[in-house]
Structure formats: structure tokens, C-alpha cells
There are 2 protein chains.
Amino acid sequence: MSSSPKLDELIEALRCLPGVGARTAQRMAHQLLERNREGGRRLAQRLNEAMDGIGNCRRCRNYSDTELCTVCSNASRDESLLCVIEMPADQLAIEQATHYRGLYYVLLGRLSPLDGMGPRELGLDRLATRLAEGQVSELIIATNPTVEGEATAHYLAQLARQNGVRPSRLAHGVPLGGELEYIDRGTLAHAFSARQNVE
Amino acid sequence: MSSSPKLDELIEALRCLPGVGARTAQRMAHQLLERNREGGRRLAQRLNEAMDGIGNCRRCRNYSDTELCTVCSNASRDESLLCVIEMPADQLAIEQATHYRGLYYVLLGRLSPLDGMGPRELGLDRLATRLAEGQVSELIIATNPTVEGEATAHYLAQLARQNGVRPSRLAHGVPLGGELEYIDRGTLAHAFSARQNVE
């Protein structure tokens, strides 16, 4: 117990952040109090604005402050490309790594009947409607390479074909900078059988 | 850039926490939005209460919600023992590790003329007044074993003697569980020359 109950409460509340245990929370609280009260107040304000103000985009289901998110409402993006991802963080990763200028569709999960995640929960009915509208020419399936992600990808590919849209899938294989010796067997077997001709 | 400006702002604000870089801040923000908005709102409230409500105790200079902190206003603590520490976090460490039941005095720094930290900034005038009052019989000096901490300890010991108070200092030596082979030379030399008779 410290000399200030409010300090104890702050330390306790900081522990809701992922990866923050008792010691780290203590260090964070002391640092804010000693050196950066302004930063602490700003963080409180931003937290409130985010927790209450961020909903989901009507069109792509990603996080959004308004009915339509900044990506969906950006007229310069290519409406003929639609990339399906599991979580909002995946979009950040793709935006930072690639020059992709198409749109996204966020499942907010993956097909997982045991957890009650079926096509309805992933909004696949709305995705089907959108594909049927005819604007999308390619559906880029970027679900995770897990068992559930692969099952979801399979379902999405069928959905695309049914609506006359060409499905594609991120390439699997040896990661750049990896060493063959240390790559797991599944990845190596896949990379071997999916080998490409050198032009 | 994500789909939500509010999310970007939250990620940016989280980076004021020590040890939190861009990736960790992203993970924290997504985790709060996906799984724990209630925790995020509570954290915002506790941050506001702490940043605006925590001042310094009139008596010991430690963090306090009220004029007198919970330790100084606790009648069951021994007023004849006074432990001088550099920072509030040191008190937490001592409270958690020992059964000390005396009071504290927090310097909020250490003697460091180049940084403009002199006796006045550390509140040593108020400490001298308190020592002169005659209630304190032992001044436990628990500054850090750094060059500046040692200089501060030296000054504090003089101050105690001038006011008829017995000064004491935390023992230096080999840490428990340490291996002699890996202990730094200074500590080992000190432990060697300060060796104690086995009873």
C-alpha cells in the first residue's frame, strides 16, 4: 500500500493493459506523476474519446469514428479490389507493408462453430450482397494461415465464385530473411510444392 | 494510418507510457477496443483523478491525496524512526520488503548542484526543523548507492548529528542469491572490508 489511495487505484487500473503487470504498472504511474502529468491527462481524454466514440464502419466493419470509415469514404481507393481480413490490426499491417490501394472487409473473427462464430456473425451475408453488386472484380483473401483461417478462406473463395468474383489468396512460403534449416516442415513442404519458375 | 482517427490518437497518446513503443501501443489500443472498453473507461477516470488529485504530503513530501498522507496520518507508526528516501517508489519497495513501521521523508531527488538540486530543493530545511523537534531518535538514510546518493547520505548524516539524532545507513554488500564471481568489484571490495564476525 502506498501513501496515496488514488495512486494505488491508478496502478490497479493500468493493469488492464496487455503485458502490464504489477511492477510495470507501478513504474508507469510514478513516471506519469513525476514527469508527465500533461501526458496522463491527454491519455485519459483520448481513452474516453476512443472507448465511447469508436464504432464499426457500416461498409467494412472496421473501427470507425463515423458511419463510414476513412478508408471506405476515400474516393481515391480502388473499389474493384476487396481484401478480406480477420481483425482491424491486420489492415494496419497491410497498409504499412504494401502499396495496396483497394478496400477492405473486416470479419472481426473467423469461422469457428464451437465459439458460435458462423457466417452470420462474420457478416458474410452483407459481403455476399456486396460481391453480387458487381463492382468488385477480385477478392483478396488475407485470413490467417491457421486451421480456422484456412476454413474461412475456403468458404470465402466459394462465396466469391458464386458471385462471379475472382478469389485470390496471399502467397505462403519461405519468409524473407529466414533460413531453410529453421523453417517449420509445413511451410517448407508448401514452399517446395508451390515452387515457381525462374524467369 | 488506420480507419479511425480517434484510434490513431489513442495509439499516439499511449506512447507517453514508459517502455511503450509504436507496436505495443497498437496492441494495447486494439485489445482495449476489442475486449475491454470498460477497463479503458475506468483507466481514463483513474488517470484523471490521479493527475489532478495527487499532490505532496505536507509532512513527508510523498505523494498524497490529502494534506497529510496515509502513512504520516497513521497513528500506529513509530514516530521515533525516520527513513529518508529519494523517490516515492523507494517507499513502496521498502514497505513490500521489510516490516518497517516508522515514518518516511522523501527528498524527491538527490543532491546534484549541476541539476540545480540543492538542500533547499530537497526540503532539507524542513527536515532539519523536524529533527530539531526531538521526536526522532534514528535517521535511517536509504538514498541510492550512487555517487550523488552517497553525497546526499553524507550530508544527511551530518544534519542528523547536528540535531542530536543517530544516523544509520542501509548495509552494502553481496546481494542474497548472488554469485561472488559475477559481483562487481566495488561491491565485493566493500563487502570484504565490511566483513562481520560470525557469532
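Residues take numbers from 1 onward in each chain, read along the sequence in its written order. Here every chain gets a letter starting at A, and every ligand a number starting at 1, in the order they are written. Totals for whole chains, interfaces and linings use all residues, but because this is a predicted model, local features are given only for residues with pLDDT of at least 70 and pairs of side-chain atoms are given and counted only at 80 or more. Hydrogens and water molecules were not included; the side-chain quantities draw on all heavy atoms of the structure.

Caption draft 1: Examining a nonpolar patch on the surface more closely. All names here are of chain A. Like charges are joined within 9 Å and nonpolar side chains (Val, Leu, Ile, Met, Phe, Trp, Tyr) within 5 Å, but only among residues with over 30% relative accessible area and no salt bridge; these make up the patches. Using a 1.4 Å probe, the Shrake-Rupley method yields the accessible areas, and only the shown protein chains count as cover for residues. One side-chain nitrogen of Lys or Arg within 4 Å of one carboxyl oxygen of Asp or Glu is enough to make a salt bridge. A cluster of nonpolar side chains, contributed by V174, L180 and L188, occupies part of the molecular surface with about 230 Å² of accessible area. Here a helix means four or more residues in a row that DSSP labels H or I, a strand means two or more in a row labelled E, and each is numbered from the N terminus. By secondary structure assignment, the location of L188 is in helix 7 (residues 185-193). The classification of residues rests on relative accessible area computed with a 1.4 Å probe and restricted to protein chains. Under 20% of the type maximum is buried, over 50% is exposed, and intermediate values are partly exposed. On the accessibility criterion, L188 (31% relative accessible area) is partly exposed.

Caption draft 2: Seen up close, the layout of surface pockets. Site definitions follow a grid-based scheme: protein atoms alone, a 1 Å grid, a 1.4 Å probe that fits but cannot get out for cavities, and for pockets an open set with protein on both sides within 12 Å along at least five of seven lines, plus lining residues having an atom within 4 Å of a point. Grid points are joined across faces, edges and corners, and a volume is the space filled by probe spheres set on the points. Of the volumes computed, that of the largest pocket is approximately 520 Å³. If you go around the largest pocket, you meet 21 residues; those closest to its centre are H30 and E34 of chain A together with M87, A89 and D90 of chain B. Only helix 2 (22-35) of chain A together with helix 4 (88-97) of chain B provide two or more residues apiece to the lining of the largest pocket. With 8 residues, helix 2 of chain A is the single largest residue contributor to the lining of the largest pocket. When residues are grouped by polarity, Ala, Val, Leu, Ile, Met, Phe, Trp, Tyr, Cys and Pro land in nonpolar, Asp, Glu, Lys and Arg in charged, and all others, Gly among them, in polar. In terms of residue class, the lining of the largest pocket is made up of 6 nonpolar, 7 polar and 8 charged. Of the pockets and cavities examined, the second largest pocket occupies roughly 400 Å³. T143, N144, P145, L170 and H172 of chain A are the residues nearest the centre of the second largest pocket, which is lined by 18 residues in total. Mapped onto the lining of the second largest pocket, the elements with two or more residues apiece are helix 4 (88-97) and helix 7 of chain A. Classifying every residue of the lining of the second largest pocket by side-chain character gives 7 nonpolar, 8 polar and 3 charged.

Caption draft 3: Quick look at the sheet that holds strand 3 (residues 78-85) of chain A. All names here are of chain A. Pairing between strands is defined by DSSP: at least two bridges between them are needed. The 4 strands are arranged 4-3-5-6 in an open sheet whose pairing can be described as parallel. Looking at which strands have only one partner, the edges of the open sheet turn out to be strand 4 (102-106) and strand 6 (166-169). Ignoring strand direction, the axes of neighbouring strands in this sheet form an average angle of 25°. Relative to strand 6, strand 5 (residues 138-141) runs parallel, the two being bridged by 4 bridges. By the bridge assignment, L139 is partnered in strand 6 with P167. Fitted lines through C-alpha atoms give the axes, limited to the stretch in contact for helices. The angle between two N-to-C directions lies from 0 to 180 degrees.

Caption draft 4: Structural context of the interface of chain A and chain B. Only heavy atoms enter the contact rule, under which two residues are in contact if any of them lie within 4.5 Å. Contacts between chain A and chain B engage 54 residues on the former and 54 residues on the latter. Buried area is calculated as the accessible area (1.4 Å probe) missing from two parts once they are joined, with the contributions of both summed. Among the residues chain A hides against chain B, the three largest losses belong to S3, M51 and Y63 of chain A. Together they make up 14% of the total. Inspection of the region where chain A meets chain B yields 4 salt bridges. Side-chain atoms alone can form a polar contact between residues adjacent in sequence; in general such a contact is a pair of N or O atoms within 3.5 Å, and within protein one must be able to donate a hydrogen while the other accepts it. Counting across the interface, chain A meets chain B through 20 residue pairs in polar contact (both at pLDDT 80 or more). Contributions of two or more residues to the side of chain A that touches chain B are made by helix 1 (5-14), helix 2, helix 3 (37-53), strand 2 (63-64) and helix 4 of chain A. Per element, the largest residue contribution to the side of chain A that touches chain B is 14 residues, and it comes from helix 3 of chain A. Within the side of chain A that touches chain B, the residues separate by chemical class into 26 nonpolar, 17 polar and 11 charged.

Caption draft 5: How the structure looks around the pattern of salt bridges. Applying the stated criterion across every chain yields a total of 18 salt bridges over all chains. In this structure, R46 of chain A engages E9 of chain B in a salt bridge whose closest nitrogen and oxygen atoms are separated by 3.7 Å. Taken as a pair, R46 of chain A in helix 3 and E9 of chain B in helix 1 (residues 5-14) lie in two separate chains rather than in one. R46 of chain A sits in the buried class, given a relative accessible area of 18%. Looking at E9 of chain B, the relative accessible area reads 34%, which means it is partly exposed. A salt bridge links R169 of chain B to E150 of chain B, with the nearest nitrogen and oxygen atoms 3.4 Å apart. Placement of the pair is R169 of chain B in strand 6 (residues 166-169) and E150 of chain B in helix 6 (residues 147-162), with a sequence separation of 19 residues. Take R169 of chain B: its relative accessible area is 27%, and that puts it in the partly exposed class. According to the relative accessible area criterion, E150 of chain B is partly exposed, its value standing at 33%. The network of salt bridges with shared partners includes E38 and R41 of chain A together with D52 of chain B.

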